[in-house]
Amino acid sequence: MKVAIVGGTGMLGRHVSRELRARGHEARALSRSSEEYPVDLTTGEGLEAALGGCDAVVDASNNATSKAATVLVEGTRHLLAAERSAGIGHHVCVSIVGCERVPFGYFKAKADQEREVEGGPVPWSIVRATQFHEYVRALFEQAGRWKVVPKLDAPLQTVAVAEVARAVADVVEGGPLAGRLEIAGPEIIGAGELARIWRRVTGRRALLLPVPLPGKLGQALRSGAATQRQPHITGSTRFEAWLKAEGR
Ligand SMILES: NC(=O)c1ccc[n+]([C@@H]2O[C@H](COP(=O)([O-])OP(=O)(O)OC[C@H]3O[C@@H](n4cnc5c(N)ncnc54)[C@H](OP(=O)(O)O)[C@@H]3O)[C@@H](O)[C@H]2O)c1
């Protein structure tokens, strides 16, 4: 199968490309910085040429800034239009567990992106994941440079990105679901506890800094909006074991 991975140079996209190639598929990595397949979702530039001859598209692009809707929602419209012209038979959108439950701009953009896909012209699947171990570690490392680490009063259920990539590859091979598949990590654990684990395993000296979660956003996250007790797939690697295996 020939598969285009939009955002193929990103955290998840790199793993999806690797997983698909290991299974014998051709995987094209598309992004603004891709040398072979440069594309820009915000304008649609490069998409049609990059998608030529492909059977399926995985959208693993991302933007968590104030421009999230431009990339994720308008970008999806450009992408689906190009997919239709290119005769793509399956669009796989990567999304986030609970995005419709979290009243925050980025999560709202993800929920809007899902709606574009559901109502769009290309047969589709949505794979929703919880936060990646890799993402949480990156946040802790960034803050750790200032000798602090954020302590959020909210449960998370982080999952290894390699396990999400396997689930995405399975969906690509299985064909359009016209529905959602959810993958979540093996444990629901307080974000503060994740910070303590990171500090202990890495040996970093950093102060746990409580970060208040105001209003409805705080209510939603504290009530577990970003977790899923009964996912279709439960990852097997816990954050602590993953961190130790990574060697830091
Ligand atoms: N991170 C998490 O914990 C997490 C958890 C659950 C679900 N997800 C979902 O997983 C997906 C991938 O997230 P990620 O964390 O792997 O993202 P990421 O590491 O930030 O990678 C984003 C990718 O999108 C590309 N991109 C950004 N703007 C673009 C544009 N205008 N046109 C074309 N490509 C563009 C980037 O490449 P260039 O900059 O070179 O264009 C990069 O390849 C997203 O849908 C996200 O919502 C993430």
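Residues numbered from 1 in each chain as written. Predicted model: local features only at pLDDT ≥ 70, side-chain atom pairs only at ≥ 80, totals over all residues. Heavy atoms only, no water.

Enquirer: What am I meant to see in the UniProt feature "domain: NAD(P)-binding" (unreviewed entry) in the protein here?
Expert: In the UniProt entry, the feature "domain: NAD(P)-binding" (unreviewed entry) is given for residues 7-172. Along residues 7-172, the helical share is 45% and the strand share 19%, with 16 Å between the first and last C-alpha atoms. (UniProt positions renumbered as here; feature names shortened; annotations may be inferred. Helix = DSSP H or I, 4+ residues; strand = E, 2+ residues; numbered from the N terminus.)

Enquirer: Mind showing me how you'd approach the packing of aromatic side chains here?
Expert: For any two aromatic rings, the description comes down to two numbers: the centre-to-centre distance and the angle of the planes. The tally for this structure, following the rule as stated, stands at 4 aromatic pairs. Measuring from ring centre to ring centre gives 5.7 Å for Y106 and F107, while their planes differ by 75 degrees; the resulting arrangement is edge-to-face. Across the pair, exposure class does not vary: Y106 and F107 are buried alike. Each ring, one from F239 and one from W242, has its centre 6.1 Å from the other, and the planes form 25 degrees; the classification is stacked. Of this pair, F239 and W242 are both found in helix α9 (residues 239-246), 3 residues apart, which corresponds to roughly one turn of the helix. The burial state of F239 is the same as that of W242; both residues are buried. An aromatic cluster is defined as three or more aromatic residues linked by ring pairs; in this entry it consists of F104, Y106 and F107. (Phe/Tyr/Trp six-rings, centres within 6.5 Å; stacked < 30°, edge-to-face > 60°. Buried < 20%, exposed > 50% of the residue type's maximum accessible area, 1.4 Å probe, protein only.)

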